[in-house]
Amino acid sequence: MLKVGELAAAARLTVRTLHHYDSIGLLRPSARSDAGYRLYDRDDVARLHQIQALRAFGMSLSDIGLYLDSPAGAPLLVVERQLAVLDHQIAEAARMREQLQRLRGELAGGGQPDLSTWLASLEIMSMYEQYFTQDELARLPLYHDAAVKSEWQGLVEEARDLIRTRVAPESDTAQAFARRWLEAFGRGTGGDAGLAARINLMAQREKAASGVPPEVMDYMMGAIGALKYAIWARYLAPEVIARMRRHYATRGHEWTVLIDQVREQMGRDPDMTQEASRTLAGRWMDLFHDMVGTDAQAVEGFRRAIAENPMLRMGPGIGDAMLAWLRRGMGAPG
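Rules and cut-offs
Residues numbered from 1 in each chain as written. Predicted model: local features only at pLDDT ≥ 70, side-chain atom pairs only at ≥ 80, totals over all residues. Heavy atoms only, no water. Helix = DSSP H or I, 4+ residues; strand = E, 2+ residues; numbered from the N terminus. Expected span 1.5 Å × (residues − 1). Contact = heavy atoms within 4.5 Å. Salt bridge = Lys/Arg side-chain N within 4 Å of Asp/Glu carboxyl O. Buried < 20%, exposed > 50% of the residue type's maximum accessible area, 1.4 Å probe, protein only. Core = buried A, V, L, I, M, F, W, Y, C linked by side-chain atoms within 4.5 Å. Pairing = 2+ DSSP bridges. pLDDT = per-residue confidence, 0-100.

1. Observations concerning helix α12 (residues 214–232)
Structurally, the α-helix is built with 3.6 residues per turn, so residues lying three or four positions apart point the same way. Taking 1.5 Å per residue as the helical rise, α12 with its 19 residues ought to reach 27 Å, and the 26 Å between its terminal C-alpha atoms agrees with that figure. Looking at the packing, one finds that the buried side of α12 touches α9 (146–164), α10 (172–188), α13 (238–268), α15 (296–308) and α16 (310–313).

2. Some details on the pattern of salt bridges
Applying the stated rule across the entire model yields 18 salt bridges. Between Arg164 and Asp161 there is a salt bridge, with the nearest N and O atoms lying 2.0 Å from each other. Placement of the pair is Arg164 and Asp161 together in helix α9, with a separation of three residues, close to one helical turn. By relative accessible area, which is 56% here, Arg164 ends up exposed.

3. With respect to the nonpolar core
If you look at soluble globular proteins, the nonpolar side chains tend to sit buried side by side. Trp181, Trp232 and Trp284 are the most contacted members of the largest nonpolar core, which has 65 residues in total. The element that contributes the greatest number of residues to this core is α12, accounting for nine residues. Setting aside residues up to four positions removed in sequence, Trp181 forms contacts with Trp152, Leu155, Val156, Ala159, Val212, Val216, Met220 and Ile224. Grouped together as the second largest cluster of nonpolar side chains are 17 residues, Leu27, Ala53, Leu54 and Leu61 included.

4. Describing unusual backbone geometry
Residues other than glycine predominantly adopt negative phi, and peptide bonds predominantly adopt the trans conformation. Even without being a glycine, Arg12 presents a positive backbone phi close to 60 degrees. For Arg12, the position within the fold is in the loop between α1 (4–11) and α2 (15–23). On the basis of relative accessible area, Arg12 is assigned to the exposed category, the value being 79%. Its identity is not glycine, yet Arg166 carries a phi of approximately 60 degrees, on the positive side. As for its placement among the helices and strands, Arg166 is situated in the loop between α9 and α10. The exposure class assigned to Arg166 is exposed, which follows from its relative accessible area of 78%.

5. Notes on the sheet that holds strand β3 (residues 38–40)
Taking strand neighbours across the sheet as the criterion, the three strands line up as β1-β3-β2 in an open arrangement whose pairing is antiparallel. Where the open sheet ends on each side, the last strands, each with one partner, are β1 (2–3) and β2 (31–32). Bridge analysis of β2 against β3 gives two bridges, and the strand direction is antiparallel. Bridge pairing links Ala31 to Leu39 in β3.

6. Thoughts on the confidence of the model for the protein
One rule of thumb: low pLDDT means the predicted coordinates there are not for detailed reading. With 84% of its residues at a pLDDT of 70 or more, the protein has an overall mean of 83. Confidence, expressed as mean pLDDT per element, reaches its minimum in the protein at helix α6 (residues 115–131) with 53 and its maximum at α15 with 94.

Shown next, in the form of structure tokens:
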């Protein structure tokens, strides 16, 4: 049997993490030594393997507990799921290798690869190396699902038609389309807030790298904003709405970067024990107050609007787990 320190070292986890798993009932040691030390046997280690595999798939700890207690959480099924992800990674790596071999062949023969060849390589590299892990790509329908890709391309063309026919982003037609756009984005990211946040970051930094031309993205941001402001107007005073509009015009871009930073820090410090985590929570609160103000009625109205209207939660990649983590560090709404 392994002591907690030995298991933590072998699994490349912290002892604190294993203590946390024990405290929430996710992984309880099968025995304790005479001195009271936790002791883990083969079955415990097998369960830890399942837990870490499911965390890599983006599942929350609370969901992992429920999943492992269900028939779908059998060790064989979890390993088969891991194998499926690895098979997808191998296939994508093979595609990248073929593309690089084509480049090498042309360069070695003294040729000059054309623009499309270089762009194809850059597209693959940017997805692999800059924004997504292999596990994330395997969970991203926008990347691997042909039907989702086709739907998204159709929406981009519809948006172009709206722009060509001068349909105002504030119009009912554009707002109805914005609703469809957000719903499709949710399907394209598999409902994963973390993937949504990373797509948003890529789109902001690389502009057209997400497959959405900049003019379409600008138009859709206006239509989505109009859709959401119409909902917030039922909860917030006109002066608060005006403040929010000014905020998004001048500082809205800061949210995309901050959301991604928070997402990454959550992975490093799930228990909110590091100073860096509390610093991020403070930055979140400052940005939130710049957007809504500090008036208690306005803050409560904003929170109630978010809680009662799923549409307001679509798009930015802010999940319930992220908000709960932030509140631990700042003790205030956000």
